[in-house]
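These are the residues of each chain, in order.
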Amino acid sequence: MTGKPAQRLTLFLLLAPAILWLGLLIVLPHVEILVLSFSERVAPRVYAFGFGNYLEFFTEPLYWRTFARTAFMSILVTALTLVLAFPIALYIARVAQGRLKAMLLLLCLLPFWVSELVRTLGWMILLRETGVISYMLRSIGLAGQPVELLYNDGAVILGLVYGGLLFMIVPLANALESLEPAVVEAGYDLGGSRWTVLRRIVIPHAMPGIVAGCIIVFMLTVGNFATPVLLGGKNGLWFTEQIYAQFITRFNWPQGAAFGMLLLLLSSAIVWLGLRLTGQSLGTTLKQA
Amino acid sequence: MTLCIGSVMASSTDLDIVNVTKRFGSHAAVDDVSFSVAPGEFFSILGPSGCGKTTLMRMIAGFEHPTSGDIRIRGKSMIGVPANKRPVNMVFQSLALFPMMSVGENVAYGLTCRGVSRAQAEERANRMLERVGLKGFGERRVTALSGGQRQRVAIARCLVLEPTLVLLDEPLGALDLKLREHMKIELKQLQGTFNTTFAYITHDQSEALVMSDRIAVMNQGRFEQVGSPRELYHNPATPFVASFVGETNRLQGEAAPAANGTIAVRLPSGAVVQGQGSAAAKAALAFVRPEAVALAQDPAPLSNLPNRFEGRVSAVLFDGAASSLLIDTTGFEQPVRAVLPQAGPLAGIQVGAPIHVGWTADAMKVFAA
Amino acid sequence: MLTKRTSLKLATALAALMVVGSAEAAEKLRLLTWSGYAPADVVAQFTKETGIEVEVTTSNNEEMISKLRATQGAGFDLAQPSQDRIAGPQAEFGIYKPLDVSKLKSDQFIASMLEATKKNTTVDGKVYGVPHIWGTDGLVVNTKAASKVADYNDLCDPSLAGKTSFRAKRPALIAFAFANGMDPFAAYGDAKAYAALMDKVGAKLAECKKNVKFFWEGSDQLLNAVRSGEIVAAMAWDTGGWKLNAENPDMKFVAPKSGALGWVDTFAIPAKGRNDDAAYKWINFNMRPEIAAKVAAAAGNFTASNGADKLMEGKLKDQFAESFPKAAIDNIRWYPAVPAGLEEIEGKVLDRLKAGS
């Protein structure tokens, strides 16, 4: 009997850092942002409660267009990443053996040893008008004059897909690795074509990994800042940039907070929708990730 | 090696394996194997692990490709035909049921692959499930089934496609002993009711003996012997077959011709045994089944047997009807194993008791070592 | 019972630790400034003379204000925002404390610049900033490739399509307003008129956007693009232009016809600064002519220190003379203080500019 409260205390002490972490660093700031997003500036240093910041979002086409564009591009990037990552993950999980497998995973990991900023700058060196690719195109005679490959949506998508690839490959490879080879063979043996086996056996089996990878990549993409700004240049409009602008250059915290809440809402809604459409539960998905 | 396939005509066979060889590097996993399987036959390939039987089966299924030779199903060559286009279906060792599908979907899978409509496939799948005793299981998850039920789903999944040939790759391996004994009988009955040709591979000689119409004994990529269970058991063609199929006593010695067509084998101790066979070389192996060894408490009842020895019981292996004795016998390096009838006067014999053993020359098979 | 006592003890210990921590940090000056404004040798000399360590954080106007706003003026002991960006944020957020001008050696400053800055940074009769470094915004031109560029509007000339740049920040709005015959500073007091004016500027810039390769963010990005020839003309700070000029005489900093924009970076003390004494010591130390000359050389700009110009290197003087003939100096437009609320108007124009295609 006397052991019980002591046990409970131990449990509490063990959990305390996690609870503190969650409470102080995640929940509390979000609550503060939420409260902030409902305050409106009346006069210098005077704020009142109101929905003006959200209203501003819906009445100013600039903001919700950027928002929709960010959502659409992020979904596109996620889909492209999935399509690119799937064969790679399939190869790593099902074909590569031993050392080759470790090497391939390492190869995928390698770009992440440098910071995102450096990786993005690397792309800029490749893509800029006086950059490597432009030079090569000219030297093999495919282009008559320097080609500018930077500062367009293609460059932004390229950079984002590149940044998301690893986070898609790892959960996918994990999921695919657990697929018994005999199950795939049985799929063929019973008359399935490559496509049928992929569609009815491999993909359903990998679904938790696919959803996990998509959630991670989507979140990373929607919340990315440096890549769209640097690679997109004057046209690389991203919603995080709007949030940054509101907070930092406009000093309009309540508006930035409202934008932040909307972005959080968007991410949550799309993740929820993705889970619903694929019939996955958040639990199994997180296990896979 | 020449194989006697019998009077089966090429046109009336379901499967013909013609001089098939499969090499992995310099190693021949399957080495110039030929055989045929008749329609409706239960054909087993029996051999120790690593003998090449799995490779052979995977070549028939289409997952491996022969280095040379031909595989014909109903007279049609399967070389270059992919696995999903062959009229052959396989029951995998692990069963390989599709965990992402229900029982019904598992069975209907092959039908939908062939373009059968969803509704029709479902109906046919349900009928098949009924025939294998799984009526009403269609909606269940395959993970919610018992071992025996999963087995039946795996077979139903193949049979629903009405294949020319069903391949079974040690499908009973994962089951516990009791269930395995039960499934042996059930498999045999299923094969009988569907009258489908089965090719079964196993390392368990009891499975092969119980279920098969014919068995091929495979060793190091080659067939040692093909025949009915009875033939293999009573007339093994090679020492490997003799020792691999069924329990046996194995003796090693030097051959010498003896009177009235028998062969005498002189053991290292000087003792001599007489048997039937064709040992051309000097070194010889002789085999005698435990049930062929006659036992007696005094020498008189055995006096007309050419092989008679004295010994002492070193162990009693009680196993009901399959009980046997290990007898330390004068002149033998290994104890002789003999079946112990549970109804005779020797039923209560104890370790250390003196005993006489003997067998006929016909019961002893002699081979060149 | 036991747990309560333990936690109490723990809390006390923690509190004690925090007190000790802050006491230890007392002799330190936390400086929030621009890159180049606190060269290592100047910092070392200051520490040697006063025993005060200097912790330098580099930033820009917007980030300085945001950082101080986030902490309500804590975290730094001295900041260096531009003179026009003090009064507005001060009125809005109260992030600075008034300066005690008596603690400063006024004769170390160029008198006219000190007076102008004090006037511009006065809120409710209190002074919040004194001048330190000044310079201008104008045009960096590759004279070989774009010899005709003489005013901001020339950046929009179709012959230079894809080879020009400016920052999508407020200086560009002000500059293009002047270049198109408007006077944004005169409209500062009237938010409505200012919004209308800015809309016009925004339309002009939106049209010009096609011509721009990118909106530059950091000066290194711009300088590299000019060096490589990707950019042949841009609106930029004079320092950058002179730096390029030192490498390649074809690159020049040009004072635009409609006037270069003059800015002054200041010293201001954050509202919750903990070491005002050290801050005043740093200001007085920095305004000594020989120190000011060193800092100005490192930053590539001019100083508000009285008499430092005599100690400056000849090169920068020559470059200044070439870029700024007498008429151009008179034509420099000095930023008046930005009233609160204008940044909101400008911000929206800039957002639209970035969003449009």
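Small disclaimer: the values here were computed from a predicted structure and weren't measured.

Visitor: Let's hear about the overall build of chain B: which residues, and what values?
Guide: When you go through chain B residue by residue, the secondary structure sums to eight helices and 20 strands. Overall, the C-alpha framework of chain B stretches about 75 × 45 × 35 Å when taken along its three principal axes. Taking all 369 residues of chain B together, 52% fall into the buried category. Long-range pairs, those at least 24 residues apart, make up 67% of the contacts in chain B with a sequence separation of at least 6. Per element, the accessible surface of chain B, about 16600 Å² overall, is 51% carbon and sulfur.

Visitor: Got a sec to walk through the arrangement of the chains? Specific residues and values, please.
Guide: In this assembly, two pairs of chains are in contact, and the pair with the greatest number of contacts comprises chains A and C. No interface is formed between chain B and chain C, the nearest pair of C-alpha atoms being 46 Å apart.

Visitor: Please provide a residue-by-residue account of the nonpolar core, values included.
Guide: Ranked by size, the top nonpolar core spans 236 residues in total, and within it Phe35 and Leu56 of chain B together with Phe166 and Trp282 of chain C carry the most contacts. The element best represented in this core is helix α7 (residues 153-177) of chain A, accounting for 13 residues. If sequence neighbours within four positions are ignored, Leu56 of chain B has contacts with Ile17, Val30, Val33, Phe35, Ile45, Met218 and Phe223 of chain B. Residues Ala255, Phe332, Trp359 and Val366 of chain B belong to the second largest nonpolar core, which totals 28 residues.

Visitor: Just give me the short version of the environment of Gly25 of chain B, but keep the residues and values in it.
Guide: With respect to the element layout, Gly25 of chain B can be found in the loop between β1 (15-24) and β2 (27-37). Sequence separation between Gly25 of chain B and Ile73 of chain B is 48 residues, and the spatial gap between their C-alpha atoms is 28 Å.

Visitor: So, unusual backbone geometry: which residues are in play, and what are the values?
Guide: The backbone of Tyr151 of chain A sits at a positive phi, close to 60°, despite the residue not being glycine. Here Tyr151 of chain A is to be found in the loop between α6 (132-139) and α7. Even without a glycine there, the phi angle at Asn19 of chain B is positive, about 50°. Tracing the chain through its elements places Asn19 of chain B in strand β1.

Visitor: Now, about the interface of chain C and chain A: what can you tell me, with residues and values included?
Guide: Facing 38 residues of chain C, the contacting portion of chain A comprises 31 residues. Each partner contributes to the roughly 2900 Å² buried at the junction of chain C and chain A, and carbon and sulfur atoms together form 50% of this total. The largest share of the area that chain C buries against chain A comes from Arg69, Glu92 and Asp351 of chain C, three residues that together contribute 20% of it. Between chain C and chain A we count nine salt bridges in total. Across the pair Lys348 of chain C and Glu56 of chain A runs a salt bridge whose closest N-O atoms are separated by 2.4 Å. Listing elements by their share of the side of chain C that touches chain A, those giving two or more residues are α3 (61-70), α4 (87-93), β9 (212-215), α8 (219-228) and α14 (342-355) of chain C. Within the side of chain C that touches chain A, the residues separate by chemical class into ten nonpolar, ten polar and 18 charged.

Visitor: I'd like a description of the packing of aromatic side chains, backed by residues and values.
Guide: According to the stated counting rule, one finds 49 aromatic pairs over all chains in the structure shown. Here the aromatic rings of Phe42 of chain B and Tyr200 of chain B are separated by 5.6 Å at their centres, their planes lie at 40°, and the arrangement is tilted. Of this pair, Phe42 of chain B sits in strand β3 (residues 42-46) while Tyr200 of chain B sits in strand β8 (residues 197-202); the two residues are 158 residues apart in sequence, bridging distant segments of the chain. Judged by relative accessible area, Phe42 of chain B falls into the buried class, the value being 0%. Looking at Tyr200 of chain B, the relative accessible area reads 0%, which means it is buried. Their ring planes at 40° and their centres at 6.0 Å tell us that Phe253 of chain C and Phe324 of chain C sit as a pair that is tilted. Separated by 71 residues along the polypeptide, Phe253 of chain C in strand β11 (residues 251-254) and Phe324 of chain C in the loop between α12 (314-323) and α13 (326-330) bring together distant segments of the chain. As far as the burial class goes, Phe253 of chain C and Phe324 of chain C line up, both buried. Put simply, the rings of Trp134, Trp242, Phe253, Phe302, Phe320, Phe324 and Trp334 of chain C touch in pairs and so form one group of aromatic residues.

Visitor: Describe the UniProt feature "transmembrane region" (unreviewed entry) in chain A, listing the residues and the values that go with them.
Guide: All names here are of chain A. Here, the residues flagged by UniProt with the feature "transmembrane region" (unreviewed entry) are residues 12-31, 71-92, 104-126, 155-176, 209-233 and 253-275. When the span residues 71-92 is considered, its composition is 100% helix and 0% strand, and the gap between its end C-alpha atoms is 30 Å. Between the C-alpha atoms that bound residues 155-176 there is a distance of 30 Å. The span itself is 100% helix and 0% strand.

Visitor: Kindly report on the domain arrangement of chain B, identifying the contributing residues and their values.
Guide: All names here are of chain B. Per the domain assignment, the segments making up chain B are domain 1 (10-237) and domain 2 (247-368). Placing the centre of domain 1 and that of domain 2 at their C-alpha centroids yields a distance of 39 Å. Contact residues are listed per partner, giving six residues for domain 1 and four residues for domain 2. With both chains or domains summed, domain 1 and domain 2 bury close to 440 Å², and 44% of this area falls on carbon and sulfur atoms. At the surface where domain 1 touches domain 2, the tally comes to zero salt bridges. Joining domain 1 to domain 2, the criterion identifies two residue pairs in polar contact (both at pLDDT 80 or more). Across the side of domain 1 that touches domain 2, the residue classes tally to four nonpolar, two polar and no charged.

Visitor: If you had to explain the confidence of the model for chain B to someone new, which residues and values would you point to?
Guide: Per-residue confidence for chain B gives a mean pLDDT of 89, with 96% of residues at or over 70. Note on residues 1-10 of chain B: pLDDT is under 50 here. Beyond four places in sequence and across chains, it has twelve contacts.

Visitor: Give me the pattern of salt bridges: which residues, what numbers.
Guide: Side-chain pairs of opposite charge can arise where the charged atoms are in close proximity. Under the criterion given, the structure shown has 39 salt bridges over all chains. The salt bridge involving Arg250 of chain A is made with Asp351 of chain C; its shortest N-O contact spans 2.7 Å. Note that Arg250 of chain A is positioned in the loop between α11 (239-249) and α12 (253-278) and Asp351 of chain C in helix α14, a pairing that runs across two chains. Of the two residues, Arg250 of chain A and Asp351 of chain C, neither departs from the other in class, the shared state being buried. Residue Arg127 of chain B is joined to Glu123 of chain B by a salt bridge in which the shortest nitrogen-to-oxygen separation is 3.1 Å. Here Arg127 of chain B pairs with Glu123 of chain B, and both are found in helix α3 (residues 118-131), just four residues apart, close to one helical turn. Taking relative accessible area as the criterion, Arg127 of chain B reaches 48% and is therefore assigned partly exposed. A relative accessible area of 46% places Glu123 of chain B in the partly exposed class.

Visitor: Could you give me a rundown of α3 of chain C, with the residues and numbers involved?
Guide: All names here are of chain C. A large share of α3 lies buried, amounting to seven of its ten residues. Among all positions of α3, only Asn61, Glu62, Met64, Ile65, Ser66, Leu68 and Arg69 are buried. One side-chain oxygen at the N-terminal end of α3 lies 3.2 Å from the backbone nitrogen of Glu62; it belongs to Asn60. Gln72 sits one or two residues past α3 and shows a positive phi near 55°.

Visitor: Hey, could you go over the side chain of Arg69 of chain C for me, with residue numbers and the actual values?
Guide: Tracing the chain through its elements places Arg69 of chain C in helix α3. Here Arg69 of chain C sits buried without a salt bridge, and the closest side chain of opposite charge, Glu92 of chain C, lies 7.1 Å off (N-O distance). Residues in contact with Arg69 of chain C, not counting those within four places in the same chain, are Tyr47, Phe251, Asn252 and Trp253 of chain A together with Phe93 and Ile95 of chain C.

Visitor: Go over the sheet that holds strand β3 (residues 78-79) of chain C, please, and point to the residues and values.
Guide: To summarise the sheet geometry, strands pair through backbone hydrogen bonds and adopt either a parallel or an antiparallel arrangement. Residues and elements named next belong to chain C. The three strands lie next to each other as β2-β1-β3, forming an open sheet whose pairing is parallel. Bordering the open sheet on either side are β2 (53-58) and β3, each of which pairs with just one other strand. As paired strands, strand β1 (residues 28-33) and β2 are joined by six bridges and run parallel to one another. Looking across to β2, one finds that Arg30 is bridged to Glu55. Sheet strands in contact with α3 are β1, β2 and β3, and its direction is about 130° off that of β1.

Visitor: Account for the state of the cysteines, with residues named and values stated.
Guide: Scanning the model with the defined rule gives one disulfide over all chains in all. With its sulfur 2.1 Å from that of its partner, Cys156 of chain C forms a disulfide with Cys208 of chain C. The sign of the -95° torsion about the S-S bond sets the Cys156 of chain C-Cys208 of chain C disulfide as left-handed. Taken as a pair, Cys156 of chain C in the loop between β7 (130-142) and β8 (164-166) and Cys208 of chain C in helix α7 (residues 191-208) lie far apart in primary sequence, 52 residues in all. Pair check on accessibility: Cys156 of chain C and Cys208 of chain C agree, each one buried. Not part of a disulfide, Cys214 of chain A finds its nearest cysteine sulfur in Cys108 of chain A, a span of 16 Å.

Visitor: Go over the pairing of β7 of chain C, please, and point to the residues and values.
Guide: Residue and element names in this part refer to chain C. The buried fraction of β7 is high, at 13 of 13 residues. Across two bridges, the pairing between β7 and strand β14 (residues 302-303) is antiparallel. Bridged to Ile133 within β14 is Thr303. Pairing between β7 and strand β10 (residues 233-237): five bridges, direction antiparallel. The residue of β10 that forms the bridge with Val140 is Ala234.

What counts, and at which threshold
- Residues numbered from 1 in each chain as written.
- Chains lettered and ligands numbered in written order.
- Predicted model: local features only at pLDDT ≥ 70, side-chain atom pairs only at ≥ 80, totals over all residues.
- Heavy atoms only, no water.
- Helix = DSSP H or I, 4+ residues; strand = E, 2+ residues; numbered from the N terminus.
- Buried < 20%, exposed > 50% of the residue type's maximum accessible area, 1.4 Å probe, protein only.
- Contact = heavy atoms within 4.5 Å.
- Areas by Shrake-Rupley, 256 points an atom, 1.4 Å probe, with all protein chains shown as cover.
- Core = buried A, V, L, I, M, F, W, Y, C linked by side-chain atoms within 4.5 Å.
- Buried area = accessible area lost by both parts, 1.4 Å probe.
- Salt bridge = Lys/Arg side-chain N within 4 Å of Asp/Glu carboxyl O.
- Nonpolar A, V, L, I, M, F, W, Y, C, P; charged D, E, K, R; others polar.
- Phe/Tyr/Trp six-rings, centres within 6.5 Å; stacked < 30°, edge-to-face > 60°.
- UniProt positions renumbered as here; feature names shortened; annotations may be inferred.
- Domains from an automatic or database assignment.
- Polar contact = N/O pair within 3.5 Å; in protein donor to acceptor, adjacent residues only side chain to side chain.
- pLDDT = per-residue confidence, 0-100.
- Lys, Arg positive; Asp, Glu negative; His and termini not counted.
- Pairing = 2+ DSSP bridges.
- Axes fitted to C-alpha atoms, helices over the stretch in contact; angles between N-to-C directions.
- Disulfide = S-S within 2.5 Å.

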